[in-house]
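In case you want the letters, here they are:
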Amino acid sequence: MAHSLRSRQVFTKIVKQPVEDEEPDHTTQSNQSTRVTTTEGNNAGSANQLETEKTPEPVLSKERTSPELKPWPRKRMLLLLILFRWLNAALTQTYFAPDEYWQSLEVAHKVVFGYGYLTWEWRTGLRGFAHPAIFAVLYKALAVLQLDHPILIIVLPRMLQGTFSAIGDLYLYKFARRMWGEDTARWALFCHLSSWFVFYTAARTLSNTMEMILTVCGLFHYPWPLYMLKGSISDRNSSSVGWYLFCASLATVMRPTAGIIWIPLCLWHLARSQNLFITLLVDMIPMASASLSCSLLIDRLFYGKWVFVHFNFLRFNTLYNISSFYGTQSWHWYLSQGLPIIMGTHILPFILGIRLAGRSYRPLVILMMWTQFIYSLLQHKEYRFLLPLVPIAMAFCGVCLRSLSRTGRATSLAIFILCTNLPACLYTGLIHQRGTVDVMGYLQTIAHAPNVHFKVPSVLFLMPCHSTPYFSHVHANISMRFLECPPNLSRYSMDTMYQDEADIFFENPSDWLKSEFKAGSKLPRYLVFFDVLLPKIKRYVSSKGYTKAASFFHTHVPLESRIGNNVVVYARPLKIPLAPA
């Protein structure tokens, strides 16, 4: 890799150079052709570019820019961002998506402590262990230090994820600063930190969150064309092919869908490179091979056999469309509902920012449109799938606010954004869908209570599958069972007549309980379910001696008919044998 260690050499010949820190006078240059030839060798020596003729000028360049602001101290800024994301983690006490527990923490808990639940994806080799391994290392450190207290098992992963998100925040600032300058970068960071959806997901242990962080890090290091770089000279020269390929490869290893963003960017990089074969053979192929090899080795250790999870992931979700078993949406869902909702009140400055940025930044807009188009081809859609695009959108918001700051209207818009997003941050983080998390704290207390039970307590969750965290939030090897909902894996096609265990239960809950627990069967000590289910099973639970033990508020607005406003716990009385006289 001697080629990748070559120092950067930049030779630029410019026929006409504008005064530094000022925009060129395009009126006097309208009939002139500014020819810039740049041979640019970075850490991999392959970001060579040839920019000819006059490039498209952004709308912002028509206005006279204010003097460039001094950059914020990076170390102090990172520390403040980490503290902010730790506060974010503390204010995240609700339930969002099953994957934040079942595809990360639960898997790591199983590997480190020997008990936990692996969903059908892990039994079929559909998931890679690269993402859960992050939290497995944390759990292992706690176990070695004998600090694996349930509170630390729950809190520290979110603090770790918050730290990663703080690094992503810093790189968003650096990315916007490199593309547009310091003032735009500050506004972009403000928009990102004030976004209700980013606040809602930044501290959650989702692979989508890590994908967003790695994507924005890679975008900062990506060798963008010179006409897109309006930052300082040091910022413009901060591209690194090695680092951007590392971020892109790691993001794709953790979540294969990251390739939707990075494959077009890598192809565009190749198209603009003068040394195409050197870029391909020295930079891209070795990095891709190394990443794939590491992924295969990690999965080999976890599965105990060679498993190509990326192939399985694409096969199940594209060829067999298994993901549609968990819900389908219309083709325009991301455009008509997904993006507008996650952007919230940022949607207007986002649209205006695209217009103000001008044609020079169309590659970023095309990248967002391309990603949404590919996602729209799949029937199963979720808000969190758009997380990697949020930093780009917030950068465009920064362009809008920077333009408005020249007329003194940015402050009013910023206050409006803050006032509309702050309540949403607090409500979604502290109130909406918190019952399924709180009930696990209640069960954790029972499981760890000394000298209360003469036998291990048993719990049955009569809820839609994966409605709660599991062993990663109890941290005790007790007997727990939930209604499972794997797709029909007996044949790789969607069977319209197929019903999972949860569907069968909710068709007739009382009959299911009677058939599952026949006379003489051992009943679970605790039943956990939403309050909307109680009228259907009240007679059964009463006949078996169950009484209400606890209730936890869940949400004001249930998102489906099987979910209620509260989570309730019913328990059978504990029979304590009398000691002989």
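All of the points below concern the structure found in this document. What you see is a predicted model; the values in this text were computed from it and never measured.

## Examining the sheet that holds strand E8 (residues 566-571)
(1) Moving on: Strand order in the open sheet formed by five strands is E5-E4-E6-E8-E7, with mixed pairing between adjacent strands. Lying at the two open borders of the sheet, with one neighbouring strand each, are strand E5 (479-482) and strand E7 (547-553). Between one strand and the next, the sheet's axes are offset by a mean angle of 20°, whatever the strand orientation.
(2) Moving on: The sheet contact formed by strand E4 (residues 458-462) and E5 spans four bridges and is parallel. Within the sheet, the bridge partner assigned to Phe 461 lies in E5 and is Phe 482.
(3) Moving on: Taken strand by strand, helix H19 (residues 435-448) contacts E4, E5, strand E6 (526-530), E7 and E8, and its axis lies near 135° from that of E7.

## What about unusual backbone geometry?
(1) Moving on: Look at Gln 146: it is not a glycine, yet its phi comes out positive at around 55°.
(2) Moving on: Along the chain, the position of Gln 146 falls in the loop between helix H4 (130-144) and helix H5 (150-180).
(3) Moving on: Although it is not a glycine, His 466 adopts a positive phi angle of roughly 60°.
(4) Moving on: With respect to the element layout, His 466 can be found in the loop between E4 and helix H20 (471-474).

## Re empty space enclosed by the protein
(1) Moving on: This structure, assessed with the given rule, holds four cavities of 30 Å³ or more.
(2) Moving on: Of the voids in this model, the largest cavity is the one considered here, and its volume is about 190 Å³.
(3) Moving on: Lining the largest cavity are 20 residues, with Arg 127, Gly 128, Ser 207, Met 254 and Arg 255 sitting closest to its centre.
(4) Moving on: Secondary structure elements with two or more residues in the lining of the largest cavity: helix H2 (99-113), H4, helix H8 (207-221), helix H10 (241-254) and helix H13 (309-319).
(5) Moving on: The element contributing the most residues to the lining of the largest cavity is H13, with three residues.

## Points about the packing of aromatic side chains
(1) Moving on: Tallied over the entire structure, the rule returns 42 aromatic pairs.
(2) Moving on: On the numbers, 6.2 Å between centres and 90° between planes, the contact of Phe 96 with Phe 197 is edge-to-face. Here Phe 96 is found in the loop between helix H1 (74-90) and H2, whereas its partner Phe 197 is found in helix H7 (residues 196-201), with 101 residues between them in sequence.
(3) Moving on: Both rings, one in Trp 180 and one in Tyr 361, keep their centres 4.7 Å apart while their planes meet at 35°; by these two values the pair is tilted. In this pair, Trp 180 is assigned in helix H5 and Tyr 361 in the loop between helix H15 (347-357) and helix H16 (362-377), connecting sequence segments 181 residues apart.

Rules used throughout
Residues numbered from 1 in each chain as written. Predicted model: local features only at pLDDT ≥ 70, side-chain atom pairs only at ≥ 80, totals over all residues. Heavy atoms only, no water. Pairing = 2+ DSSP bridges. Helix = DSSP H or I, 4+ residues; strand = E, 2+ residues; numbered from the N terminus. Axes fitted to C-alpha atoms, helices over the stretch in contact; angles between N-to-C directions. Contact = heavy atoms within 4.5 Å. 1 Å grid on protein atoms, 1.4 Å probe; cavity = no way out; pocket = protein on both sides within 12 Å on 5 of 7 lines; lining within 4 Å. Points joined across faces, edges and corners; volume = space filled by probe spheres on them. Phe/Tyr/Trp six-rings, centres within 6.5 Å; stacked < 30°, edge-to-face > 60°.

Everything listed here is a matter of geometry and, on its own, says nothing about what the molecule does.
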